[in-house]
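Reading the structure
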Amino acid sequence: MSGGLIASAVATHSPRMAIEETAPDFVRGLIAGSREMGEAVRGLDPDLIVLQSAHWVSTFNWYVTAHAVHEGVCMAEEAPDLIPGIPYRRPGDPEFAGALADALEDAGLPCGINQSPHYHWDYASLVPLLYLDPESTLPVVTLPTVTCAELDENIAVGRLVGDAAAATGRRCVFISSCALSHKVVRGPELWPSEEMQALDHRVVDLMRAGKAGELVAWAAEYSAAAVAEMGGRTICGMIGAMDAMDKASGPLEGRQYGPYGQSSGSGNANVCVTPKAA
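Presented here is a report on the structure given in the accompanying data block. (Residues numbered from 1 in each chain as written. Predicted model: local features only at pLDDT ≥ 70, side-chain atom pairs only at ≥ 80, totals over all residues. Heavy atoms only, no water.)

1. Structural notes on the overall build of the chain
Of the regular secondary structure elements, the chain holds seven helices and 10 strands. Once the C-alpha set of the chain is aligned to its principal axes, its extents read approximately 45 × 40 × 35 Å. Residues classed as buried in the chain amount to 56% of the 278 residues present. Considering only intrachain contacts with a sequence separation of at least 6, the fraction spanning at least 24 residues in the chain is 80%. Of the roughly 11000 Å² of accessible surface on the chain, a fraction of 51% belongs to carbon and sulfur atoms. (Helix = DSSP H or I, 4+ residues; strand = E, 2+ residues; numbered from the N terminus. Buried < 20%, exposed > 50% of the residue type's maximum accessible area, 1.4 Å probe, protein only. Contact = heavy atoms within 4.5 Å. Areas by Shrake-Rupley, 256 points an atom, 1.4 Å probe, with all protein chains shown as cover.)

2. Considering the pairing of strand β1 (residues 4-11)
With eight of eight residues buried, β1 is to be regarded as a mostly interior element. Across seven bridges, the pairing between β1 and strand β8 (residues 171-177) is parallel. The residue of β8 that forms the bridge with Gly4 is Arg171. Relative to strand β10 (residues 266-275), β1 runs antiparallel, the two sharing three bridges. (Pairing = 2+ DSSP bridges.)

Here you go:
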């Protein structure tokens, strides 16, 4: 196919996954699933990844990273013992970033370009890519989660990524880096409640079935009931990208990679959705 969205995925980013050698047993299935999903994503021959991070938090504006090269050291400010500092160097895509910023502006959304040489990635931007693209070869453009943006706006942004990909001829994979349910507690090995696990399994089942319209309709109810990470804003970017693919490419299908897993009371899964023809 020509440019456009070729996959929409949710990827987990527990900080305990970052250094595989010291990862506890309960996240090793998530690591294996991330690695397997990365093989599938790279097999689609994408031109770039657009990643929306639940941990790059913007209050008012959408910002698009437009660095030619993303380079720095990522440390987890909330957990420096788990991620004391991981160097990264990955290509960016300034041309696509500019096109996406234009699309956001044309849609009436407050936005800007992030080209600060002092900017460094949060761990939700980095951790999934350690396994999805371990050789750091795929260009990446990152987006924040905007607290003043309602869920419908996040869905719209996922769709606009599809528009920018089509306009620039990029084969684009959209990734929401976030947990599912996220009523976190002290105790890294603890699971979500049975009720929240059931909600998470339903949302994964809808992703696997490619039911973009049903996910759009259920997003607000799910996000509130499951206490979804960042109020559901980040996962809604992935749902919007799914909806754009559904409209552009026809029926969708998804696959879960690895198990559903816990981390401090949150529910986590790696799921990738593609057009059925892919």
